[in-house]
Amino acid sequence: MHARTKALETLLVRLNSRFGERISTDPDELAKVSGDESGLPKGNPGAVVWPMATAEVALVAQEAQELGVGLVPRGAGTGKAGESIPLGGELVVDLSRMNKILELRPQDLYAVVQPGLITAELDKAAKEHGFMYPPDPASWESCSIGGNINTNAGGPRAVKYGVTQRYVWGLEVVLAGGKVLRTGRRSIKGVAGYDVTSFIVGSEGTLGLVTEATLHIIPAAPVVETAWLSFADPVTASRASEHIFAAGITPRMLELLDTTAMDVVRPKSAFRLPPAGAAILIECDGRDEGVMRDLERVCEIALARGATESAIAQNDRDREGMRRARRLVSGSLKEAYPYKISDDVAVPRSKMPDLLTRAQELGAPAGIKVAAYGHLGDGNVHINLLCKTADERELAKPVRQEVLRLAVSLGGTVTGEHGIGIAKRSELGFEQSRELIELQKRMKLAFDPGGIINPGKALPV
Ligand code: MLT
Ligand code: ZN
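Residues numbered from 1 in each chain as written. Chains lettered and ligands numbered in written order. Predicted model: local features only at pLDDT ≥ 70, side-chain atom pairs only at ≥ 80, totals over all residues. Heavy atoms only, no water.

Asker: Would you mind showing me how to read the pattern of salt bridges here?
Answerer: Think of it this way: side chains of opposite charge can pair up when their charged atoms draw near. The tally for this structure, following the rule as stated, stands at 31 salt bridges. Notably, a salt bridge pairs Arg 358 with Glu 361, separated by 2.9 Å at the nearest N-O pair. Of this pair, Arg 358 and Glu 361 both sit in helix α13 (residues 352-363), three residues apart, roughly one helical turn. Exposure remark for Arg 358: the relative accessible area of 36% places this residue in the partly exposed category. Among the charged side chains, a network of salt bridges with common partners joins Lys 160, Arg 252, Glu 283, Asp 285, Glu 320 and Arg 323. (Salt bridge = Lys/Arg side-chain N within 4 Å of Asp/Glu carboxyl O. Helix = DSSP H or I, 4+ residues; strand = E, 2+ residues; numbered from the N terminus. Buried < 20%, exposed > 50% of the residue type's maximum accessible area, 1.4 Å probe, protein only.)

Here it is, written out as C-alpha cells:
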C-alpha cells in the first residue's frame, strides 16, 4: 500500500468515531468533490469529510497534520482556477454544511457568517434591514462566502463597491495542526499589527481553513436604475465607458457583452437583447431621482460616443431580465463551447481597447474564436478562447499564454478575480518577480510548515 494511502487510512480510522456518515470514501461522493468550474480535469481525492463546527475542522486539521495527509478546503465548487481540485489522495474538507448567518448586526455594520453560506443569502438577509452585502460574483446564487474569501472574489458591483477583501473585517481560521486563529475585529476601524486578515483573503485556502467571517454590510442605496446600451463593437463600447467616468459618474455596474456572448444568451433570456456588436449593462444607484438623471446622462454620453441604442429598464422585471442575461453568459458559453478557456485578466481601464483588439488578433492565426464579456468598468474582462473539442483547446493554449502576457505588458494582471489555483501556477511568473514569489512561499511556510493545507495551489510548485 502506498505510504500516503496508509496515512489516509489511519486518518479515516481516527476520524470515524466522530464523523460516522459524515466522512466518506464512496466513489460517487468523491466524484462530487473532485472538480470545480474551471474546465480543468477532475482531481483525485482520497476521502471527503463534512464538518459541522469549528471544533470538528480543528480535529481534522490536527489529525491530518500528525499523519501528513493533505487537506483541501471546499465550498460550493464554483471556482474557476482549480483551487478546490485535490491533486491526489487528500482529504477534502467540505464546509458547505457550515452555512449559517451567526449574527446580523446592522447597527454595527457587520454580520458574522459561516463559510458555507451562499453569498446571495447574506445580501438577502441584509436587505430585510435596508442593508446590502455588496460582493456579487456572477455565481452568487450558488457560490459560498468561504470560496469568495479564499479567492477575494469580485462581481459586477465591484466597480463601485470593491471586491470581497474590502468587506472582511475578521476571520476565524483553523491552521495546520488544528490551532484556531482569530484575526481582525468587529469595529469599523482597526489597524493593530500586520493586516493578517487581508493576507488570508485571496490566499486560495492555502494558509488555513476559514471557519467564520465577520463581514461588513452597508446601507443599501434605495434607488437603482438600469440601462442596456448597444454598440457596433466592444472597442467603441469601451471608449464610451471612459467618458462616463470622466463625467464624474461612478456606476454601480458596468458590464460588457460582446456579440458572441449575446448570441449564446439570447435564446434563454427573458430580456430581448437587441442585435448589436456589443452591449453595456449599466446601473446607477443612490437615494433619489438624481439616480435617474445620472442614468439619462450616461445614455446621452454613450449615444454621443457611438452607442447605437439605449434602453432604460422601466421596472424591476426589466432590470432583473437585463441582469440575468449578463449572469447567464459564462454558463451559456460553456454549453456552446465545452472546451473553452476562460480567463479573467485585468488591465488599467484605458488599456481595455488594446486588450480587446489584440486578443482577437492573437486568436485569429490559430483559428480560435475569441469572446469578451464581463467587468468592463473594472478593466477586468473575461477573454474566452472558444473551443468545441479537446484538440481545439490544445491549439488555444499558446494563445492563452499570449493573452496573459499581453495583460501584464499593459500594466495588468494574469488574474483579476479568479485566482491562480492550479490553472496559472506557471504563469504567475509572467507578472511577479522571483523574489516576490519566494517571499510568498516563505509566508506560506510560516502558516503551514508541513505543506498540509491545500497543497500545490496558488504558487508555482
Ligand atoms: C463572470 O463574471 O461571469 C464570472 O466571473 C465567471 C466567468 O465567466 O468566468
Ligand atoms: Zn467575472
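Asker: What is the right way to read a nonpolar patch on the surface from this model?
Answerer: A surface patch of nonpolar side chains, amounting to about 210 Å² of accessible area, comprises Leu 436, Leu 439 and Met 443. Looking at the element boundaries, Leu 439 is found in helix α16 (residues 434-447). (Patch = residues over 30% accessible without salt bridge, like charges linked within 9 Å, V, L, I, M, F, W, Y side chains within 5 Å. Areas by Shrake-Rupley, 256 points an atom, 1.4 Å probe, with all protein chains shown as cover.)

Asker: Looking at this model, I keep getting lost on the pairing of strand β14 (residues 278-286). Mind explaining?
Answerer: Summarising burial for β14: nine of the nine residues are buried, a large majority. Alternating residues of β14 divide into Ala 278, Ile 280, Ile 282, Cys 284 and Gly 286 and Ala 279, Leu 281, Glu 283 and Asp 285, and every residue in both groups is buried. Of the strand pairs in this sheet, strand β12 (residues 223-231) and β14 are connected by nine bridges, and their pairing is antiparallel. Counted as the bridge partner of Phe 231 is Ala 278 from β14. (Pairing = 2+ DSSP bridges.)

Asker: So what exactly am I meant to see when it comes to the state of the cysteines here?
Answerer: Each disulfide is one covalent bond, formed between the sulfur atoms of two cysteines. Applying the stated criterion across every chain, the model contains zero disulfides. In this model Cys 299 remains outside any disulfide bridge; the closest cysteine sulfur is found in Cys 284, 8.7 Å from its own. Taking relative accessible area as the criterion, Cys 299 reaches 5% and is therefore assigned buried. (Disulfide = S-S within 2.5 Å.)

Asker: Looking at this model, I keep getting lost on the side chain of Asn 380. Mind explaining?
Answerer: Here Asn 380 is to be found in strand β18 (residues 380-386). Given a relative accessible area of 5%, Asn 380 falls into the buried group. Here the side chain of Asn 380 touches Asp 344 through a polar contact of 3.0 Å, landing on its backbone oxygen. Side-chain polar atoms of Asn 380 contact the backbone oxygen of Val 345, separated by 3.0 Å. (Polar contact = N/O pair within 3.5 Å; in protein donor to acceptor, adjacent residues only side chain to side chain.)

Asker: Any chance you could explain the environment of Leu 410 here in plain terms?
Answerer: Inspection of the secondary structure puts Leu 410 in the loop between α14 (390-409) and α15 (428-431). Classification of Leu 410 by relative accessible area gives buried; the value is 15%. Those residues within four positions of Leu 410 in sequence are excluded, and the remaining contacts are Val 347, Pro 348, Lys 351, Asp 354 and Leu 355. (Contact = heavy atoms within 4.5 Å.)

Asker: When you look at the site of ligand 1 in this model, what are you seeing that I'm missing?
Answerer: The immediate surroundings of ligand 1 are formed by Lys 80, Ala 138, Arg 326, Ser 330, Ser 342, Tyr 373, His 375, His 382, Glu 417 and His 418. Between Arg 326 and ligand 1, the recorded distance is 2.6 Å, taken from a side-chain N or O atom to an oxygen atom. Contact between ligand 1 and Tyr 373: an oxygen atom at 2.2 Å from a side-chain N or O atom of the residue. Here ligand 1 loses 93% of its free accessible area of 260 Å² to cover by the protein chains. In the shell around ligand 1, the residues fall into two nonpolar, five polar and three charged. (Near = heavy atom within 4 Å. Nonpolar A, V, L, I, M, F, W, Y, C, P; charged D, E, K, R; others polar.)

Asker: How do you make sense of the sheet that holds strand β5 (residues 101-105) when you look at a structure like this?
Answerer: Backbone-to-backbone hydrogen bonds pair the strands of a sheet. The strands run either parallel or antiparallel. Read across the open sheet, the five strands follow the order β5-β6-β10-β8-β9; overall the sheet is antiparallel. Each having just a single partner strand, β5 and β9 (180-184) make up the two edges of the open sheet. Pairs of neighbouring strands in the sheet enclose a mean axial angle of 10°, with direction left out of account. Inspection of the sheet shows strand β6 (residues 110-113) paired to strand β10 (residues 209-216) by four bridges, in the antiparallel sense. Opposite Val 113, over in β10, you have Ala 213 as the bridge partner. Against the sheet, helix α3 (residues 54-67) contacts β8 (168-174), β9 and β10, and its axis sits at roughly 50° relative to β8. Those strands touched by helix α4 (residues 119-127) are β5, β6 and β10, and its axis lies near 35° from that of β5. (Axes fitted to C-alpha atoms, helices over the stretch in contact; angles between N-to-C directions.)

Asker: Looking at this structure, I do not really get the sheet that holds strand β3 (residues 71-74). What am I missing?
Answerer: Strand order in the open sheet formed by four strands is β1-β2-β4-β3, with mixed pairing between adjacent strands. The open sheet has two free edges, formed respectively by β1 (23-24) and β3, since each of these has just one partner strand. Pairing geometry for β3 and strand β4 (residues 91-94), over four bridges, is parallel. If you follow Pro 73 over to β4, its bridge partner there is Val 93.

Asker: Any chance you could explain the side chain of Thr 211 here in plain terms?
Answerer: One can find Thr 211 in strand β10. Engagement of the side chain of Thr 211 in a polar contact is seen with the side chain of Glu 172, the distance being 2.6 Å. Excluding residues within four positions of it along the chain, Thr 211 makes contact with Thr 54, Val 57, Met 98, Gln 114, Pro 115, Glu 172, Val 173 and Val 174.

Asker: Looking at this structure, I do not really get the packing of aromatic side chains. What am I missing?
Answerer: Two numbers describe a pair of aromatic rings. These are the distance of the centres and the angle of the planes. In the structure shown here, the tally under the stated rule is four aromatic pairs. Note on Tyr 133 and Tyr 167: the rings are 6.1 Å apart at their centroids and 75° apart in plane angle, and the pair reads as edge-to-face. Residue Tyr 133 is located in the loop between β7 (131-132) and α5 (145-151), and its partner Tyr 167 is located in the loop between α6 (158-161) and β8; the two are separated by 34 residues in the primary sequence. No difference in accessibility class separates Tyr 133 from Tyr 167, as the two residues are buried. (Phe/Tyr/Trp six-rings, centres within 6.5 Å; stacked < 30°, edge-to-face > 60°.)

Asker: I would appreciate a short explanation of the nonpolar core in the present structure.
Answerer: Note that soluble globular proteins tend to have their nonpolar side chains buried in a common cluster. Core analysis: the largest hydrophobic core is formed by 52 residues, its most contacted members being Phe 231, Ile 282 and Ile 383. If we ignore the near neighbours within four places in the chain, the residues touching Ile 282 are Glu 225, Thr 226, Ala 227, Leu 229, Ile 244, Pro 251, Met 253, Leu 254, Leu 295 and Val 298. (Core = buried A, V, L, I, M, F, W, Y, C linked by side-chain atoms within 4.5 Å.)

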